[in-house]
Amino acid sequence: MRKTKIGYQLDFRNPPTSTISFRDLYRHCFEQVQAAEAMGFDSIWLTEHHFTDDGYLPAMMPAAAAIAARTTRVTIGTYVLLAPFVHPLKLAEDSAFVDVLSGGRLRLGIGQGYRAEEFDGFGIPRAERLGRTLETLEILKLAWTGERFSFDGKYFKFRDVRVLPRPVSQPYPELLWGAGAPKAIRRAAKLDLSFACVGGRKEAGIYIEALKAAGKDPSKYNIVANRAVYVANSEEEAWRDTRDALMYQAELYGKWLSAAAGTTDQSKVLIRPDPERLRRTSVLGTPAEVRDKLNAILDATPFTELIVVTQLPGLDPAKARRSLDRFGLEVLPQLR
């Protein structure tokens with residue numbers, strides 16, 4: 001029997017054309033969190049960016065704490081937290097607090113970031129992103145012991161510090177490495193981390209082969225990936241409801257990813273505003289169609305967890321909730 005877990009993702013984005021306030025959007029999102037837990041989802045995941053026109057979630061740990069306070073069972077993950085933009089000791093403190101508050105349910109996916117606007121905004125040279133992220137991982141593990149320690153790195157130096165409380169998770173919360181490029185994916189295996197997969201079968205395969213090459217057992221690691229999912233009375237209705245939101249999202253990601261690659265050509269980036277491709281790669285349709293499409297994805301990929309994204313940016317929360325409810329009642333039980 002397949003053991004793939006099913007999660008639910010939120011980014012709290014509110015595009016400039018939206019007619020709903022951030023306060024109301026947040027209320028709807030937290031209601032979705034509680035509904036997802038009640039319907040049997042295994043996890044809730046958050047994703048972040050900074051300095052965007054839609055308020056893309058910029059505050060991972062406060063959001064995770066709010067979810068921890070509203071739930072009792074689901075794990076709470078970051079997919080992914082952008083490590084270069086937060087001081088590692090502050091991240092150690094905040095994440096330990098959330099892990100204690102949640103009773104050991106925090107899972108910390110870490111990414112390096114790629115948008116020039118974010119590095120410029122925080123005054124961090126983009127060339128330092130990998131080094132800062134690697135040092136952050138070292139510091140987190142030391143800080144989470146609850147013992148005093150010192151650190152003398154290239155980017156961070158401090159002496160005789162102690163972070164309390166210790167996490168409930170032992171030895172510490174699960175760490176996942178977020179990546180999409182082959183070299184970065186192989187680094188996840190080298191670092192002995194689970195994988196927050198940006199991509200699909202190809203990327204997951206690179207990670208698994210890297211684990212095996214390092215003499216590690218892939219069954220001891222998680223591979224987490226997401227997909228846009230929307231349940232309606234027909235695939236056509238699902239596309240009609242989600243098209244604008246999917247295109248809005250793809251246009252921004254296409255712009256960001258191509259800029260990070262130093263080009264204006266979006267044809268090669270993973271996410272781009274191609275309606276036919278978006279419709280094909282998103283999981284849209286009736287409950288039966290969504291079930292069959294997800295089963296096909298899960299049969300073809302070694303994901304240990306698939307994250308459902310329904311509250312797309314600019315989508316009416318009432319429509320997102322209706323899709324979520326139908327997924328939870330009519331699709332989720334058949335994926336078990």
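**Student:** Got a minute to help me understand the overall build of the protein in this structure?
**Tutor:** For the protein, the count of helices and strands is eleven helices and eleven strands. Taken over C-alpha atoms, the radius of gyration comes to 19 Å for the protein, in line with the 20 Å a tight globule of 336 residues would show. Each principal axis of the C-alpha distribution contributes one length, and for the protein these read about 60 × 45 × 45 Å. Contacts in the protein between residues far apart in sequence, at least 24 positions, make up 70% of those at least 6 positions apart. Total accessible area on the protein is roughly 15000 Å²; 51% of this is exposed by carbon and sulfur atoms. For the protein, the centre of its 47 positive side-chain charges and the centre of its 41 negative side-chain charges are spaced 4 Å apart.

**Student:** So what exactly am I meant to see when it comes to the packing of aromatic side chains here?
**Tutor:** Geometrically, a pair of aromatic rings is defined through the distance of the ring centres and the angle of the planes. According to the stated counting rule, one finds 15 aromatic pairs in the structure shown. Residues tryptophan 45 and tyrosine 79 carry aromatic rings whose centres are separated by 6.3 Å and whose planes lie at 80° to one another, so their mutual orientation is edge-to-face. Here the residue tryptophan 45 occupies a position in strand S2 (residues 43-46), and tyrosine 79 occupies one in strand S3 (residues 75-82), the gap between them amounting to 34 residues. Judged by relative accessible area, tryptophan 45 falls into the buried class, the value being 0%.

**Student:** Mind showing me how you'd approach helix H7 (residues 201-213) here?
**Tutor:** Because each turn of an α-helix spans 3.6 residues, side chains separated by three or four positions end up pointing in the same direction. Over its 13 residues, H7 runs 18 Å from end to end, which matches the ideal 18 Å to within 8%, given 1.5 Å per residue. Taken residue by residue, H7 has Glu203, Ala204, Ile206, Tyr207, Ile208, Ala210 and Leu211 as its buried positions. Where H7 is buried, its residues contact helix H6 (182-190), strand S8 (194-197) and strand S9 (223-231). Once H7 finishes, glycine 215 follows within two positions and takes phi at roughly 75°, a positive value.

**Student:** I'm lost on the nonpolar core in this one. Help?
**Tutor:** One broad trend across soluble globular proteins is that nonpolar side chains are buried collectively. In terms of nonpolar packing, the biggest core is built from 91 residues, with Phe41, Tyr207, Leu294 and Phe327 touching the most fellow members. The residues contacting leucine 294, other than those within four sequence positions of it, are Val229, Val283, Leu306, Phe327, Val331 and Leu335. Ala228, Ala238, Leu246 and Leu312 belong to the second-largest nonpolar core, a separate cluster that totals 15 residues.

**Student:** I keep staring at the pairing of strand S6 (residues 157-161) and nothing clicks. Help me out?
**Tutor:** As a general feature of sheets, a regular strand has side chains that alternate between the two faces. Pairing between strand S5 (residues 149-152) and S6: three bridges, direction antiparallel. By the bridge assignment, aspartate 152 is partnered in S6 with lysine 157. Between S5 and S6, which pair antiparallel in sequence order, lie four residues.

**Student:** I would appreciate a short explanation of the pairing of S2 in the present structure.
**Tutor:** Burial of S2 is two-sided: the residues Ser43 and Trp45 facing one way and the residues Ile44 and Leu46 facing the other way are all buried. As paired elements, strand S1 (residues 5-10) and S2 share four bridges and run parallel to each other. Each bridged residue has a counterpart across the sheet, and for leucine 10 the counterpart in S2 is leucine 46. Regarding the hand of the β-α-β motif, the stretch spanning S1, helix H1 (residues 22-39) and S2 is right-handed. Regarding topology, helix H2 (residues 60-70) serves as the crossover connection from S2 to the parallel S3, and that connection is right-handed.

About the cut-offs
Residues numbered from 1 in each chain as written. Predicted model: local features only at pLDDT ≥ 70, side-chain atom pairs only at ≥ 80, totals over all residues. Heavy atoms only, no water. Helix = DSSP H or I, 4+ residues; strand = E, 2+ residues; numbered from the N terminus. Rg over C-alpha atoms; globule rule 2.2 N^0.38 Å. Contact = heavy atoms within 4.5 Å. Areas by Shrake-Rupley, 256 points an atom, 1.4 Å probe, with all protein chains shown as cover. Lys, Arg positive; Asp, Glu negative; His and termini not counted. Charge placed at Lys NZ, Arg CZ, Asp CG, Glu CD. Phe/Tyr/Trp six-rings, centres within 6.5 Å; stacked < 30°, edge-to-face > 60°. Buried < 20%, exposed > 50% of the residue type's maximum accessible area, 1.4 Å probe, protein only. Expected span 1.5 Å × (residues − 1). Core = buried A, V, L, I, M, F, W, Y, C linked by side-chain atoms within 4.5 Å. Pairing = 2+ DSSP bridges. Right-handed = clockwise from strand over helix to strand, strands pointing away.

Remember that the coordinates give geometry; whether it matters functionally is a separate question.
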